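Coordinates in review
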Amino acid sequence: MTHLFVSAFLLGLLFNAAPGAIFTESLRRGIKGGYSPALAVQIGSLIGDFVWAVLGLIGAAALFSLPYVELPLALTGAVLLFWLAWQSLRDAFAPVPEFDPSAGKAGSAFTVGAALSLSNPLNITYWTALGGTITALGVAEPGRTAFFVFLLGFMLSSVLWCFFCAGLIAISRRYLGPVLWVAINASCAVGLAIFGYMVAMNVLTGA
């Protein structure tokens, strides 16, 4: 079980470190409000990860792979991504804000992080395939204990990554100038729009 725990821990780091919508939104809010809002987005995303993990463990994730369930869920996520892209584009043309820890609205950042994770159809696929992943890691007949160990390792690395990522964003903020401000927000806008387009097209073309 130690090997399973370590493997799950490393998989969690890779899963969270991969650039995506969560990191993009953490960066966008973190350069405004610093550590707290960036961390709030990250922690919020864990809610979605945990929900999909539990659903995957009990087999309920298969229900959400059905077209009449997956389609509206994915389209909702795409709309959210496009809305965040618009927010980033709007910020790109605004002056560089003075640092204000209260400006990031950690509460709303937490909600956005959770919504992004809960509406991400990739999480459905990932956790539905969880049993096969555990088997590939050397557990021939995974039971409740194996699933619990895997989930524990994955979520522990996810929690640690939240604090590391938010801290990295907060530290880098001190080097922010007008040019970098525009570049970051414009990049976030493009990235979020691309993610939204990919989510919408993947589901619509597969429907």
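Refer to the structure printed above.
Residues numbered from 1 in each chain as written. Predicted model: local features only at pLDDT ≥ 70, side-chain atom pairs only at ≥ 80, totals over all residues. Heavy atoms only, no water.

Focus: the overall build of the protein
- Per the secondary structure count, the protein includes ten helices and zero strands.
- Starting at the N terminus, the α and β elements of the protein follow one another as α-α-α-α-α-α-α-α-α-α.
- Looking at the 207 residues of the protein, the share that counts as buried comes to 43%.
- Pairs at least 24 apart in sequence give 87% of the contacts found in the protein among residues at least 6 apart.
- Total accessible area on the protein stands at roughly 10,400 Å², and carbon and sulfur atoms take up 75% of it. (Helix = DSSP H or I, 4+ residues; strand = E, 2+ residues; numbered from the N terminus. Buried < 20%, exposed > 50% of the residue type's maximum accessible area, 1.4 Å probe, protein only. Contact = heavy atoms within 4.5 Å. Areas by Shrake-Rupley, 256 points an atom, 1.4 Å probe, with all protein chains shown as cover.)

What about the nonpolar core?
- Grouped together as the largest cluster of nonpolar side chains are 17 residues, with contacts concentrated most on Leu 27, Ile 31, Met 155, Ile 169 and Ile 184.
- For this core, the elements supplying multiple residues, two or more each, are α2 (21-33), α3 (35-58), α9 (144-172) and α10 (178-206).
- For this core, the element with the highest residue contribution is α9, accounting for eight residues.
- Apart from the residues lying within four places of it in its own chain, the contact partners of Leu 27 are Ile 169, Ile 184 and Cys 188.
- Ranked by size, the runner-up nonpolar core spans twelve residues in total, among them Ala 21, Val 41, Leu 80 and Leu 192. (Core = buried A, V, L, I, M, F, W, Y, C linked by side-chain atoms within 4.5 Å.)

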